[in-house]
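The primary structure of each chain is shown beneath.
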Amino acid sequence: MEVFNVWFLIGAALVFWMQAGFAMVEAGFTRAKNTGNIIMKNLLDFCIGTIVFVIIGFSLLMGEDLVGLIGKPGFDLFTSYADFDYSSFVFNLVFCATTSTIVSGAVAERTKFLSYCVYSAVISALIYPIEAHWIWGGGWLANLGFHDFAGSCAIHFVGGLSALIAAKILGARLGKFNTDKNGKVTKVNAFPGHNIALGALGVFILWLGWYGFNGAAATSVEQMGSVFLTTTISPAIATVVCMIFTWIKYGKPDVSMCLNASLAGLVAITAGCDATNALGASVIGAVSGLLVVFGVWLLDYKLHIDDPVGAVAVHCINGIWGTLAVGLFATSAVPGYSIADSAGTTLTGLFYGGGFKLLGIEALGIGSVALWTAITITLCFTAIKKIFGLRVSREEEIAGLDSTEHGLQSAYAGFAMLPDYIDYGAKIIPAVVTNNEIIEENIPVRKEVTADRNTPKFTKVQIICKEAMLEALKNGMMDIGITGMTVSHVLGCGKQKGKPEYYRGVQIEATLLPKVQVDIVISKVPVRTVIETAKSILYTGHIGDGKIFVYDVENAVKIRTGEEGYDALQDEE
């Protein structure tokens, strides 16, 4: 038994490590200018949650039951520390932090940091502990026989539903939806995450942590092994099903959607990981792999709610499915099976001869927790909106929350970040654009005429080309006598048609692609020679060969020597 007490705490540490996973997923799936803000929210979810859990949350969850609704508030942590259940406190604390951090991704990139901190305190102090008491603290749902082994309902559904309501109240990010003059959504725009590799790392961290999340409460080696098995099968099958489905539907397997599917499979198996066998886990995972794609589509195209990381599809929708799946697939053939009603009668799933009783209890649990969560979280965010305001200003959102909320110029110091979208006054154009909203290369054209016609003429030739062609272009220019050039990395795209691509089910027809801009100022070498040389080197006949622009230049000054005009452009002997 001592071994399992140690494992219980190791499991709690693994669940704490999941905070890093959530942070990486959310940061990777959003834009670079908000990375620091994402990290801060995930860090403070745990830190603020710890403070309020000490003050009130733990006693409401695990205190002496009062009429099946709440635990008796108290301060045993301070008044009876010698007899306190330390392990239970730590274990329940890390679960509480998981609930609060689910909302972070859904409200990312446009929420005031102060307002988010207030929300985090409220859900950790009151909303989560009370409904979790009904399920795990000896409350009325537990007495009915409601089963949620590790939190598909108590944690993931509550966090996912809170995310849905919060995102609805908050509104979409600038540029996510195009609307007509009547406010009707006419198009959905994609905002690809800035670092899918970071998001994938987060998913692997979460998957590892989930073995503690689901397995820490196991009471025997056999039960732990069964829990680990179902916790592995469900997300694996969910991911493969999602890959096949997106491959068929969009022409290519969607990377970010498959990452979401892994998490969806984990969420769905969490309630019944101890009560289902391999077949049940397989079906649960397969359904969750489809549900996550449906959920993302539902929010984007029907509900028009902006959820940058898919938190609602992963946690809310699959939290419901996972909880109901207990009523379908629970089987007493698994080790350590313990689902029973208040009279001690064993309950099994519909597909294993148990009838509709357990399924009905699971549905009742979902409904009651949904009602509690919807009312309290709506009141919470409405009050925060009235008192503090929920959303940052338009200017702050465009600049990014790293700089405006935290004074952090970039979470990637030393790296040049690609633009997220361009603000044209009343209209926000994403840097990844869809359909016919194509952004031309942002190349300023300024033509100045030399006043003195007797001085040599200076011309700037600007060449935009693919990065791979830079070396050949440079050598070609040197061969014709060009004495110097300036090379810059830029982004650009042209009006071109092609096979559409998709990000999370949203069509992408054109993207701002990395190019190089070569600026050459000439006087002695003929302009036509430069143009023809560049064309001969860069031409392939395919889209994206580049463009050449020619400008008049008034003067040239060499700073070191003070030479001007023709002399400033010549090589030194």
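Predicted model only: the values in this text are computed from it and were never measured. (Residues numbered from 1 in each chain as written. Predicted model: local features only at pLDDT ≥ 70, side-chain atom pairs only at ≥ 80, totals over all residues. Heavy atoms only, no water.)

### Notes on the overall build of the chain
1) Next: A tally of regular secondary structure across the chain gives 17 helices and 14 strands.
2) Next: Seen along its three principal axes, the alpha-carbon backbone of the chain occupies a region of about 105 × 55 × 50 Å.
3) Next: Counting the 573 residues in the chain, one finds 52% classified as buried.
4) Next: Taking the contacts inside the chain whose residues are at least 6 apart along the sequence as the reference set, 76% of them involve residues at least 24 apart.
5) Next: Put simply, the chain shows about 25,100 Å² of open surface, and 63% of that area lies on carbon and sulfur atoms.
6) Next: Distance from the positive charge centre (39 side chains) to the negative charge centre (48 side chains) of the chain: 11 Å. (Helix = DSSP H or I, 4+ residues; strand = E, 2+ residues; numbered from the N terminus. Buried < 20%, exposed > 50% of the residue type's maximum accessible area, 1.4 Å probe, protein only. Contact = heavy atoms within 4.5 Å. Areas by Shrake-Rupley, 256 points an atom, 1.4 Å probe, with all protein chains shown as cover. Lys, Arg positive; Asp, Glu negative; His and termini not counted. Charge placed at Lys NZ, Arg CZ, Asp CG, Glu CD.)

### Let's talk about the layout of surface pockets
1) Next: Counted as a void, the second largest pocket has a volume near 610 Å³.
2) Next: Along the wall of the second largest pocket there are 24 residues; nearest its centre are Ile135, Trp136, Asp148, Phe149 and Ala217.
3) Next: Those elements that provide at least two residues to the lining of the second largest pocket are helix 4 (86–106) and helix 5 (113–136).
4) Next: At four residues, the largest contribution of residues to the lining of the second largest pocket is made by helix 4.
5) Next: Taken together, the residues of the lining of the second largest pocket sort by class into 14 nonpolar, eight polar and two charged. (1 Å grid on protein atoms, 1.4 Å probe; cavity = no way out; pocket = protein on both sides within 12 Å on 5 of 7 lines; lining within 4 Å. Points joined across faces, edges and corners; volume = space filled by probe spheres on them. Nonpolar A, V, L, I, M, F, W, Y, C, P; charged D, E, K, R; others polar.)

### Considering unusual backbone geometry
Backbone geometry follows two general trends: most residues other than glycine have a negative phi, and most peptide bonds adopt the trans configuration.
1) Next: A positive phi angle, close to 50 degrees, is found at Val67, a residue other than glycine.
2) Next: Here Val67 shows up in the loop between strand 1 (65–66) and strand 2 (70–71).
3) Next: One non-glycine residue, His304, lies in positive phi territory at about 55 degrees.
4) Next: Tracing the chain through its elements places His304 in the loop between helix 11 (278–303) and helix 12 (311–329).
5) Next: Residue class for His304 comes out partly exposed when judged on its relative accessible area of 31%.

### Some thoughts on the packing of aromatic side chains
1) Next: Per the counting criterion, the structure on display carries 22 aromatic pairs.
2) Next: Plain terms: the ring middles of Trp134 and Trp140 are 5.8 Å apart, the flat faces sit at 55 degrees to each other, and that makes the pair tilted.
3) Next: On the basis of relative accessibility, which here comes to 8%, the residue Trp134 falls in the buried class.
4) Next: Taking relative accessible area as the criterion, Trp140 reaches 26% and is therefore assigned partly exposed.
5) Next: These aromatic residues form a ring-pair network of at least three members: Phe8, Phe91, Phe95, Trp136, Trp210 and Phe213.
6) Next: Sitting over the face of the ring of Tyr116, Lys41 holds its NZ or CZ atom 5.0 Å from the ring centroid. (Phe/Tyr/Trp six-rings, centres within 6.5 Å; stacked < 30°, edge-to-face > 60°. Lys NZ or Arg CZ within 6 Å of the ring centre and 35° of its normal.)

### What about the pattern of salt bridges?
1) Next: In this structure the tally under the stated criterion is 11 salt bridges.
2) Next: Residue Asp552 pairs with Lys457 through a salt bridge whose shortest N-O separation is 3.7 Å. Note that Asp552 is positioned in strand 14 (residues 547–553) and Lys457 in the loop between strand 7 (432–433) and strand 8 (458–465), a separation of 95 residues in sequence.
3) Next: Among the residues examined, Asp552 registers a relative accessible area of 22% and is labelled partly exposed.
4) Next: The partner of Lys474 in a salt bridge is Glu471, with the nearest N and O atoms 3.2 Å apart. Taken as a pair, Lys474 and Glu471 lie in helix 16 (residues 470–479) at a separation of three residues, close to a single helical turn.
5) Next: Salt bridges sharing common partners tie together Arg31, Glu109, Arg173 and Asp306. (Salt bridge = Lys/Arg side-chain N within 4 Å of Asp/Glu carboxyl O.)

### Remarks on the pairing of strand 13 (residues 513–522)
1) Next: Counting buried positions over the 10 residues of strand 13 gives seven, a clear majority of the element.
2) Next: Of the pairings in the sheet, the one linking strand 8 to strand 13 comprises seven bridges and is antiparallel in character. Looking across to strand 13, one finds that Thr459 is bridged to Ile522.
3) Next: Bridging between strand 9 (residues 486–492) and strand 13 involves seven bridges; their strand directions are antiparallel. Pairing of Val487 across the sheet is with Val518, part of strand 13. (Pairing = 2+ DSSP bridges.)

### Regarding the packing of helix 7 (residues 152–170) against helix 12
1) Next: In the contact formed by helix 7 and helix 12, the axes pass within 8 Å of each other and the chain directions differ by 140 degrees. Considering their axes alone, helix 7 and helix 12 lie oblique with respect to each other. Pair helix 7 / helix 12 crosses with left-handed handedness. Contacts between helix 7 and helix 12 involve Ser152, Cys153, His156, Phe157, Gly160, Leu161, Ala163 and Leu164 on the former and, on the latter, Ala311, Val312, His315, Cys316, Gly319, Ile320, Gly322 and Thr323.
2) Next: Here the residues of the contact of helix 7 with helix 12 sort into nine nonpolar, seven polar and no charged. (Axes fitted to C-alpha atoms, helices over the stretch in contact; angles between N-to-C directions. Parallel < 35°, antiparallel > 145°, perpendicular 65-115°, else oblique. Left-handed = near helix turned anticlockwise from the far one by under 90°.)

### Remarks on empty space enclosed by the protein
1) Next: Summed over all chains, the structure comprises two cavities of 30 Å³ or more.
2) Next: Forming the boundary of the largest cavity are 18 residues, of which Lys176, Asp300, Asp307, Pro308 and Arg504 lie nearest the centre.
3) Next: Breaking the lining of the largest cavity down by element, the ones donating at least two residues are helix 11 and helix 12.
4) Next: The leading source of residues in the lining of the largest cavity is helix 11, at four residues.
5) Next: Considered class by class, the residues forming the lining of the largest cavity number 11 nonpolar, two polar and five charged.

### A short note on the side chain of Thr459
1) Next: Of note, Thr459 is situated in strand 8.
2) Next: Accessibility expressed as a relative area gives 4% for Thr459, which makes it buried.
3) Next: Apart from residues no more than four positions distant in its own chain, Thr459 is found in contact with Ile520, Val521, Ile522, Val527, Val550, Tyr551 and Val553.

### Things to note about the environment of Ile482
1) Next: Relative to the helices and strands, Ile482 is located in the loop between helix 16 and strand 9.
2) Next: Judged by its relative accessible area of 6%, Ile482 is buried.

### Section: the confidence of the model for the chain
1) Next: Predicted confidence across the chain gives a mean pLDDT of 89, with 90% of residues reaching 70 or more.
2) Next: Contacts of residues 422–427 to residues separated by more than four positions or lying in other chains number 13 contacts, the stretch itself having pLDDT below 50.
3) Next: Low pLDDT (under 50) marks residues 431–453, which in the prediction has 60 contacts with non-local residues, meaning those over four places away or in another chain. (pLDDT = per-residue confidence, 0-100.)

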